[in-house]
Amino acid sequence: MLPPIEDKQAFYKQYWNYYLVLEQDFLSVEPYVAIDPINFSTYSVQFLKLYQTICSEIDVVAKCLCNKLDTSSRQDNITGYQQCITSSLPDLSDSKVTVMNYDISLSPWNSWSSDEIQTPEWWKKYNKVKHNRTTISTNSGEQYYKSANLENVLNALAALFILEMNILKIIAEQTDSLKVWMPDPPSKLFQIEGWTSRCHPFTAESFVLEPTESRNE
């Protein structure tokens, strides 16, 4: 069983700080490959490294989220994570992420919204890249390592961001009277659509992150 993450500081230390490193590694490629749909099929060795590292971390963070939702959970694969997470957080599958400063919106977990369990396409490609990198796909006629492209890496990173933000939300609801969900420091790349931040009246440095529809204007 995973040790429980009881507070935000533990979450930052064990998960969020590593996410920020992955995000920065991704952003370091942007001067050479612009974050633009026209480049979504662009692949590289750097994307290959990021793809495998990000998806490996998704495996770790999904276990953490399942543990926060159900301490008896013993999930260890993407199908198990789907069953555990969507049973408690059915709206997570509908989460849309805006890539800040770019006209791009992503829904990396939308395949979980179906009544039938479906694995996200970017996760399927990750497994092909991981286990059958040089095998030629019967669909595309290309070797699977070419699936380590901008589109799949961006969706994987967005999927990881959604999982982490939901963990932080749960921790804040359980431990923080001010319900401060905004991580510190925040993502430089993503925002979840429908979640907005506002300055807390007691300090200009504290932010409360909450679903837009639940706010009392």
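Right above here is the structure, for reference.
Residues numbered from 1 in each chain as written. Predicted model: local features only at pLDDT ≥ 70, side-chain atom pairs only at ≥ 80, totals over all residues. Heavy atoms only, no water.

Undergrad: Just checking my understanding: could you explain the side chain of S147 for this structure?
TA: Structurally, S147 is set in the loop between α4 (121-131) and α5 (150-175). Its relative accessible area of 11% is what places S147 among the buried residues. The residues touching S147, leaving out its near neighbours within four places in the chain, are Y51, K125, V129 and N152. (Helix = DSSP H or I, 4+ residues; strand = E, 2+ residues; numbered from the N terminus. Buried < 20%, exposed > 50% of the residue type's maximum accessible area, 1.4 Å probe, protein only. Contact = heavy atoms within 4.5 Å.)

Undergrad: Just to check I follow, could you spell out helix α1 (residues 8-27) for this structure?
TA: In an α-helix, one full turn covers 3.6 residues, which means residues spaced three or four apart are oriented alike. For α1, which comprises 20 residues, the first-to-last C-alpha distance of 25 Å sits more than 12% below the rise-based estimate of 28 Å (1.5 Å per residue). For α1, the principal kink sits at Y15 and spans about 40 degrees. For α1, the set of buried residues is K8, F11, Y12, Y15, W16, Y19, L20, L22, E23, F26 and L27. Structurally, α1 contributes buried residues whose contacts are with α2 (45-69), α5 and β3 (190-192). (Expected span 1.5 Å × (residues − 1). Bend = angle between axes of the 7 residues up to and from the residue.)

Undergrad: What's the story with the packing of α2 against helix α3 (residues 78-88) in this structure? I'm lost.
TA: For any two helices packed against each other, the geometry comes down to the angle between their axes and how far apart the axes lie. Running from amino to carboxyl end, α2 crosses α3 at an angle of 45 degrees, the nearest separation of the two axes being 10 Å. On the basis of their axis angle, the class for α2 and α3 is oblique. The interaxial crossing formed by α2 with α3 has left-handed handedness. Residues D59, A62, K63, L65, C66 and L69 of α2 form the contact with α3, whose participating residues are Y81, C84, I85 and S88. Grouping the constituent residues of the contact of α2 with α3 by class yields 7 nonpolar, 1 polar and 2 charged. (Axes fitted to C-alpha atoms, helices over the stretch in contact; angles between N-to-C directions. Parallel < 35°, antiparallel > 145°, perpendicular 65-115°, else oblique. Left-handed = near helix turned anticlockwise from the far one by under 90°. Nonpolar A, V, L, I, M, F, W, Y, C, P; charged D, E, K, R; others polar.)

Undergrad: What is the right way to read the environment of I38 from this model?
TA: Note on placement: I38 falls in the loop between α1 and α2. For I38, a relative accessible area of 69% gives the class exposed. In sequence terms I38 and L150 are 112 residues apart; their C-alpha atoms lie 9.9 Å from each other.

Undergrad: How do you make sense of unusual backbone geometry when you look at a structure like this?
TA: Leaving glycine out, the prevailing phi sign among residues is negative, and the prevailing peptide bond configuration is trans. Cis geometry marks the peptide bond from D184 to P185; its omega dihedral reads 5 degrees. Within the fold, P185 resides in the loop between α5 and β3. The backbone phi angle of N101 is positive, close to 70 degrees, even though this residue is not glycine. Position of N101 relative to the elements: it lies in the loop between β1 (97-99) and β2 (104-106).

Undergrad: For this particular structure, what's the right way to read the nonpolar core?
TA: One broad rule of soluble globular proteins: the nonpolar side chains tend to lie buried together. In this structure, F26, I58, W109 and F190 are the most contacted members of the largest nonpolar core, which totals 62 residues. Secondary structure elements with two or more residues in this core: α1, α2, α3, β1, β2, α4, α5 and β3. When residues in this core are grouped by element, the largest group, 16 residues, is from α5. (Core = buried A, V, L, I, M, F, W, Y, C linked by side-chain atoms within 4.5 Å.)

Undergrad: Got a minute to help me understand the sheet that holds β3 in this structure?
TA: Sheets are built from strands paired through backbone hydrogen bonds, the pairs being either parallel or antiparallel. Pairing within the open sheet is antiparallel, and its 3 strands lie in the order β2-β1-β3. A single partner strand is all that each edge strand has here, and the edge strands are β2 and β3. For this sheet the average axis-to-axis angle between neighbouring strands, irrespective of direction, equals 30 degrees. Pairing between β1 and β2: 3 bridges, direction antiparallel. Bridge pairing links T98 to S105 in β2. Of the strands in this sheet, β1, β2 and β3 touch α5, which is tilted by about 55 degrees from β3. (Pairing = 2+ DSSP bridges.)

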